[in-house]
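Summary of structural features
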Amino acid sequence: EFRTQQPQLTHLTTVGESVLSRSPSPDVKGKLSRVTAQWADLLGKLDERLTSLGAAADTSREFDAGLARLRDTLQGISDQLDDIPLDREPEEQLRKVQTLERQLEGVRPLLADAESAGAQLCDVLSDPASRAEIQAKLAAVNRQYNTLQKKLDLRKAEIEGSLRDGRQFEASCAKTLGWLSEELGSLSERLLVSADRDVLQQQVEHHEPIYKEVLHKEHEVIMLLNKGRELLGRSNGGQRSDTRNLQRDLDKIQQQWEKLRKDVVDRQTRLQTCMEHCRKYYRALEAFIPWLAQAENRVDSLRPDSFKRRDVEKQLRELSAFRNEVWKKSGEFENLRTLGEAFLGACDVDKEIVKQELAAVKARWDKLNNELLERTQWLEETSRRLLDLSEQLRDLAHSVQRCEDKLASHDALGGAARDPKMLDRLKGLREESIGLRKPLGTVRQTANDLAGEAAEAGVSGGAQLQDEVEGLAERLDELQARLDDRCSQLQSAATALTQFNDQVKALSMDLAGLEEELESMKPPARDIKTVRVQIDDVNKLVNKIAHASDEVANAVSAGERLVDSGLTPDAQATRDQTDSLGRQLQRLDERVRARETELDTVLNRLHQFQQRQADVLEDIQQASEEVRRLKSVGSEVDVIKTQQEEFASFRRQVVEPIAKTVDEVNRLGSGLIQSAAGGVNTSALEKDLEKVNDKWNTLKDKLNERDRKLDVGLLHSGKFQEALDGLAKWLTDTEEMVANQKPPSADY
């Protein structure tokens, strides 16, 4: 390109010199000089460059060839490093890496030679771009070398680290297994949690470091297990016995660790749970015991000031308030028992201590409640008894006052007070006053009991109750003395009247008893034996009535004597009493006579029935014998007709009278059965009637059979018309006989 521009430079120089020759100009001369100098400078540089390139051409080729070999060698080492299998044993991998490391060390002189050749080439080359290119190639080779060196170092470090980790892991496994075995051995005995607070605290303090150590070791064990799994993941377990050993160690560590951790945590949980129950129990116990002692002291101090009802009621209110307070504390007591039972349930040994504490607290609690209940019941009973005593005293005083008022009103009657009929009134008043003795005794006993209890309890007020009762007793004694004096005056006048009244009353009761005896007699029976017994009973009753009649006559005479002597306050009433006895006796005698007549009538009817029954049975038996003795039906018409006439005559003469007798027997028997009262046994009569009718029906069946045979014989003899006439005649006779019979009845 410079050679092609040489003519223009020559032309420029010629033109410039021509211009300068014609007109010297410094500017033109300067410009021409600068162009010529620049041209020469550039051309010199080009020549120098051409010379340098020629000299460096051979060196550059050698340099490129060396770099290419060096890069290939480094790439080969890198490929060999990448081809090392990861599943081989670490020792074998380390040997291969060390071999590649030695090969890389052998490449180091080649790299130095390449750097030296590059430096020489840079010295030859004056062009900065070429130098920069050479240096860039050298830098790339150096980077490749350094990268490969780092790769080898890293791989070697990994393998050495793996070997070191394996050895460290084996040592850690052995150490961990030894520690686990030691800890498990120390925990081999069963933990028996004590219910003794001090022993339990020692157990907790002894186990706490073990628990913390296990928790502290948990991270290490987990890291060890993870490391072991990582080593297993990097190795081929199917080709190495070490892998199986490693897996076995890991499984053993896992099992023992889980067992140790479970045992330690379980023990820690049990101990902490028991300790928590222990704290809660003793906290509740220490809070409850002082109150319980205070409550016991308070119960001992609760007693009434006196046996006045007002003081007792006040003490009851205070005791009720205290019982409410105790009742509110029952929740704390139950909570204490629950906490104690929970504490005992969580412990294994030394339970007797807590049981004794709970039993002692329960005994004191029950004693407190029982004392409260007994004290409350005693105060309530005392209050009730005081109230009852007060009411009884008031009622008794009213009763005594009422009796005194009645006696005063009696004394105010004057002469009428000496009437014998006033004796009952005074006796009633005296009985009323005597009846007050029993409630007085009850009141006195109650007052004495209350006074005794007051003395035992050290309470005043008991003697006042006794004084009130004794004052009332003195009034009652004075009243009874006055009543006894009044009664003795009227007793003699009333004795005769009382005896008469007692006699009348006794006779009235005797007559009433005879009436009841008559009422209790059963209705007439329907058999002769029983009727005769009933007649005997009536005769005995008649004798009793005769004796009572004599007693009534004596009572009437006594009443008349009382009236005549003027001892009876009401003569008409006395006569009415005796008249009433006479009427009662007469009424009873009439009823007994009617009963006697009724029994005689029934006995006569029974005798008549039995006689007729025996007669008709005998007649039926004789008729049956005569029927049995009749000749058999003949074969001739004349003979049969004769037999029919004889049989008709037999019916008229024998059978028809028997039929009337049977009807009479049925009438008599039915009358006795129908007239029997309810509950009277008539089965014997019914059986007798049934027997008569059965035999009578049997006889009628035989007679009908005889008629039938005669008719059949007459028909068989060829005389049908005659037989028919005979049948018509028999039907006419039968209809007449049936028409003469009485209609059928449901009774015999």
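Keep in mind that this is a model prediction, so the values were computed, not measured.

1. A word on the overall build of the chain
Secondary structure assignment for the chain yields 16 helices and zero strands. Across the 748 residues in the chain, those meeting the buried criterion constitute 33%. Here the chain displays about 44,200 Å² of accessible surface, and carbon together with sulfur accounts for 50% of that area.

2. Description of the environment of L224
Tracing the chain through its elements places L224 in helix α5 (residues 197-234). Residue classification places L224 among the buried positions, given a relative accessible area of 8%. Once the C-alpha coordinates of L224 and L250 are considered, the two residues, 26 residues apart in sequence, prove to be 8.7 Å apart.

3. Here's the deal with the pattern of salt bridges
A full pass over the atoms with the stated rule returns 15 salt bridges. The closest approach of N and O atoms between R337 and E341, which form a salt bridge, is 3.9 Å. Here E341 and R337 lie together in helix α7 (residues 309-346), a separation of four residues that amounts to about one turn. Residue classification places R337 among the partly exposed residues on the basis of a relative accessible area of 27%.

4. Structural notes on the UniProt feature "coiled-coil region" (unreviewed entry) in the chain
Per the UniProt annotation, the sites labelled "coiled-coil region" (unreviewed entry) are residues 131-158, 351-406, 462-517 and 585-626. Taken end to end, residues 131-158 has its terminal C-alpha atoms 40 Å apart, with 100% of it in helix and 0% in strand.

5. Some thoughts on the nonpolar core
With 53 residues, the main nonpolar core has L511, V531, V592 and W696 as its most contacted residues. Listing elements by their share of this core, those giving two or more residues are α11 (462-520), α12 (528-565), α13 (571-629), α14 (637-675) and α15 (683-716). Among the elements that line this core, the one with the most residues is α13, at 14 residues. Counting only domains with at least three residues in this core, you end up with domain 4 (496-606) and domain 5 (613-730). Each residue touching V592, except ones within four places of it in the same chain, is listed here: L518, V538, L541, V542 and I545.

6. Some remarks on unusual backbone geometry
Among all residues except glycine, the phi angle is most often negative; among peptide bonds, the trans geometry is most common. The phi dihedral of D350 is positive, around 60°, even though this residue is not glycine. As for its placement among the helices and strands, D350 is situated in the loop between α7 and α8 (351-411). Since its relative accessible area comes to 36%, D350 is described here as partly exposed.

7. So, the environment of N369
Of note, N369 is situated in helix α8. When the C-alpha positions of N369 and R323 are compared, they lie 8.3 Å apart, and in sequence the two are 46 residues distant.

8. A closer look at the state of the cysteines
Within this structure, the stated rule accounts for zero disulfides. Looking at C278, it has no disulfide partner, and the nearest cysteine sulfur is the one in C347, 7.4 Å off. The class for C278 is buried, based on a relative accessible area of 1%.

9. Brief notes about the packing of aromatic side chains
A complete count under the given rule lists seven aromatic pairs for this structure. An aromatic cluster of at least three residues, connected via ring pairs, comprises F288, W291, F333 and W365.

10. As for the packing of α14 against α15
Between α14 and α15, the shortest axis-to-axis distance is 10 Å and the interhelical angle comes to 165°. Put simply, α14 runs roughly antiparallel to α15. Crossing angle aside, the handedness with which α14 passes α15 is left-handed. Of the residues in the contact of α14 with α15, the class split is 18 nonpolar, eight polar and five charged.

11. What to know about the confidence of the model for the chain
With 82% of its residues at a pLDDT of at least 70, the chain reaches an overall mean of 76. Here helix α4 (residues 128-186) stands out as the least confident element of the chain, with mean pLDDT 73; α7 is the most confident, with 82.

Quick notes on the rules
- Residues numbered from 1 in each chain as written.
- Predicted model: local features only at pLDDT ≥ 70, side-chain atom pairs only at ≥ 80, totals over all residues.
- Heavy atoms only, no water.
- Helix = DSSP H or I, 4+ residues; strand = E, 2+ residues; numbered from the N terminus.
- Buried < 20%, exposed > 50% of the residue type's maximum accessible area, 1.4 Å probe, protein only.
- Areas by Shrake-Rupley, 256 points an atom, 1.4 Å probe, with all protein chains shown as cover.
- Salt bridge = Lys/Arg side-chain N within 4 Å of Asp/Glu carboxyl O.
- UniProt positions renumbered as here; feature names shortened; annotations may be inferred.
- Core = buried A, V, L, I, M, F, W, Y, C linked by side-chain atoms within 4.5 Å.
- Domains from an automatic or database assignment.
- Contact = heavy atoms within 4.5 Å.
- Disulfide = S-S within 2.5 Å.
- Phe/Tyr/Trp six-rings, centres within 6.5 Å; stacked < 30°, edge-to-face > 60°.
- Axes fitted to C-alpha atoms, helices over the stretch in contact; angles between N-to-C directions.
- Parallel < 35°, antiparallel > 145°, perpendicular 65-115°, else oblique.
- Left-handed = near helix turned anticlockwise from the far one by under 90°.
- Nonpolar A, V, L, I, M, F, W, Y, C, P; charged D, E, K, R; others polar.
- pLDDT = per-residue confidence, 0-100.

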